[in-house]
Amino acid sequence: MKRAIQEKIQPAAQRQAQTGLILAAPVFLGSGIFFLIPFCLMLRYSLTFGIGGSRFVGLRNYREVLESPAFRLAAANTIRFLAIGLPLIMALGLLLALLLRQKLPGAGLLRRVLLLPMVLPVASIVMLVQILFAGPGILNGILEHWGLFPRQWLNGPESFWVLVGLYVWKNCGYNVVLFLAGLNMIPEELYQTAELDGAGPWAKFRFITMPLLIPSLFFGFIFSIVNSFKVYREAFLLGGEYPAQSIYLLQHFLNNNFRNLNYQRLSVAAIILFSVIFLLVGLLLWAQRKTEA
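Given the structure is predicted, the values throughout are model-derived calculations rather than measurements.

1. Considering the packing of aromatic side chains
And step 1. As enumerated under the stated definition, the model contains 11 aromatic pairs in all.
And step 2. Seen in terms of ring centroids, Tyr 45 and Tyr 263 are 6.2 Å apart; in terms of plane orientation they differ by 50°. Their pairing is tilted. Separated by 218 residues along the polypeptide, Tyr 45 in helix H1 (residues 2-46) and Tyr 263 in helix H12 (residues 263-292) bring together distant segments of the chain.
And step 3. Given a relative accessible area of 23%, Tyr 45 falls into the partly exposed group.
And step 4. Pairwise contacts between aromatic rings join Phe 81, Phe 160, Trp 161 and Tyr 167 into one cluster.
And step 5. Residue placement shows Arg 60 over the ring face of Phe 49; its charged tip is 5.0 Å from the ring centre.
And step 6. Over the aromatic face of Phe 160 sits the side chain of Arg 80, whose NZ or CZ is 3.8 Å from the ring centroid.

Rendered as structure tokens:
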């Protein structure tokens, strides 16, 4: 009897597997054509020299790129941006989500203000930033009115902080919504039970909120990393192809080598960037699984 049932189940399972492969075939085909094949070509370019990669040079291109002052400047600025922007946007997003969950007066207006940058075009946001921070802009006008010296907000070291602020303001709303959804999924009974046991606000946050909010924090962190590498749009619109040194990012290095048709350096930088993102996301996945275990 058992064998007869298995003989009936196996063909059905095989048909389902075949149907799944047929339905997934366009996705696999598209990924192979538009992602896998270009990645293999890029890997080949990174190990060759000359037009069309006519001569194999091994790791020489990697050494030249790593020794390049432009690449080192771009890498240092990108690392600095990630080290400051990611913790800032995560902490601010969590703080605002906790405040909104308290249902304070004006919470609805604050939620709309946070979500507004997500629907505005990047060009409009950058235009607003230029109006505020340009040489003859509003902020320098206020400084001159107070008898202070104007600053080069978009052409000096201060442009880095302008870019960080723009990144946080534009992307913080998504993290707030994500964290708020995670907070609303935590049963209220857990907090009530903790209060009966004498737990204070800090103990409830440490032992209830944070452990149950880890999946939302993890997803928000991954999304923030992705958005941090999209900030090149804002940096390009603010400073052009060759902006101030403080906001010269890896994407500028990639774009400039592409315009100069230096595909070898472009391929090497792209592979290094991909490897860093892959290792970072892999490390986060490993940390999440270790935490859940």
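2. Section: the layout of surface pockets
Space left empty within the atom packing is revealed by a probe, the size of a water molecule, rolled over the atoms.
And step 1. There is about 280 Å³ of room inside the largest pocket.
And step 2. Lining of the largest pocket is provided by Leu 98, Arg 101, Gln 102, Glu 188, Tyr 191, Glu 195, Pro 201, Lys 204, Phe 205 and Thr 209.
And step 3. Put simply, the parts of the chain that give the lining of the largest pocket at least two residues each are helix H3 (69-101), helix H8 (188-196) and helix H9 (201-229).
And step 4. Examining the composition of the lining of the largest pocket, we find that 4 residues originate from one element, H9, more than from any other.
And step 5. Each residue belonging to the lining of the largest pocket can be placed in one class, and the counts come to 4 nonpolar, 2 polar and 4 charged.

3. A closer look at the confidence of the model for the chain
Low-pLDDT portions of the prediction should not be read for the details of their coordinates.
And step 1. With 93% of its residues at a pLDDT of at least 70, the chain reaches an overall mean of 82.
And step 2. Element-level pLDDT for the chain is lowest in H1, with a mean of 73, against a maximum mean of 90 in H3.

4. Examining the environment of Leu 92
And step 1. Here Leu 92 shows up in helix H3.
And step 2. Those residues in contact with Leu 92, other than ones at most four positions away along the chain, are Val 168 and Cys 172.

5. Side note on H3
And step 1. Here H3 spans 48 Å end to end across 33 residues, near enough to the 48 Å set by a 1.5 Å rise per residue.
And step 2. Phi turns positive, to about 55°, at Lys 103, one or two residues after H3.

6. Section: the packing of H3 against helix H7 (residues 158-184)
And step 1. Where H3 meets H7, the axes come as close as 7 Å, and the angle between the chain directions of the two elements is 40°. Here H7 runs oblique to H3, going by the angle between their axes. As for the relative orientation of H3 and H7, their crossing is right-handed in sense.
And step 2. Class assignment of the residues belonging to the contact of H3 with H7 gives a composition of 23 nonpolar, 6 polar and 2 charged.

7. Here's the deal with the nonpolar core
And step 1. Residues Phe 71, Phe 81, Leu 163, Tyr 167, Val 176, Leu 238 and Phe 253 are the most contacted members of the largest nonpolar core, which totals 61 residues.
And step 2. In contact with Val 176, not counting residues within four places along its chain, are Gly 93, Leu 96, Ala 97, Leu 100 and Leu 114.

Procedures and definitions
In this convention, every chain numbers its residues from 1, walking through the sequence in written order. In keeping with the predicted nature of the model, local features appear solely for residues at pLDDT of at least 70, side-chain atom pairs appear and are counted solely at 80 or more, and the whole-chain, interface and lining totals rest on all residues. Values reported for side chains reflect all heavy atoms of the structure, with hydrogen atoms and water molecules removed beforehand. Stacked, tilted and edge-to-face pairs are distinguished by plane angle, under 30 degrees for stacked and over 60 for edge-to-face with tilted covering the rest, among Phe, Tyr and Trp rings (Trp via its six-membered ring) whose centres lie within 6.5 Å. In DSSP terms, a helix is any run of H or I states spanning at least four residues, a strand is any run of E spanning at least two, and both are numbered starting from the N terminus. For each residue, the accessible area found with a 1.4 Å probe, counting protein chains only, is set against the maximum for its type, and the residue is called buried under 20%, exposed over 50%, and partly exposed in between. Two conditions define a charge sitting above a ring: the NZ of Lys or the CZ of Arg must be within 6 Å of the ring centre, and it must be within 35 degrees of the ring normal. Detection works on a 1 Å grid of protein atoms alone, calling trapped sets that fit a 1.4 Å probe cavities and calling open sets with protein on both sides within 12 Å along at least five of seven lines pockets, with lining residues defined by an atom within 4 Å of a point. Grid points are joined across faces, edges and corners, and a volume is the space filled by probe spheres set on the points. Residue polarity follows a fixed list, in which Ala, Val, Leu, Ile, Met, Phe, Trp, Tyr, Cys and Pro are nonpolar, Asp, Glu, Lys and Arg are charged, and the others, Gly among them, are polar. A residue's pLDDT is the predictor's confidence in that residue, given on a scale from 0 to 100. Note on contacts: a residue pair is in contact if any heavy atoms of the two residues lie within 4.5 Å. The span one expects for a helix is its residue count, reduced by one, times 1.5 Å. What counts as an axis is a line fitted to C-alpha atoms, over the stretch in contact for a helix, and the angles between N-to-C directions run from 0 to 180 degrees. Here the angle decides the label: under 35 degrees means roughly parallel, over 145 means roughly antiparallel, 65 to 115 means roughly perpendicular, and every other value means oblique. Rotating anticlockwise by less than a right angle from the far helix to the near helix defines a left-handed crossing, while the corresponding clockwise rotation defines a right-handed one. Put simply, buried Ala, Val, Leu, Ile, Met, Phe, Trp, Tyr and Cys residues joined by side-chain atoms within 4.5 Å make one nonpolar core.

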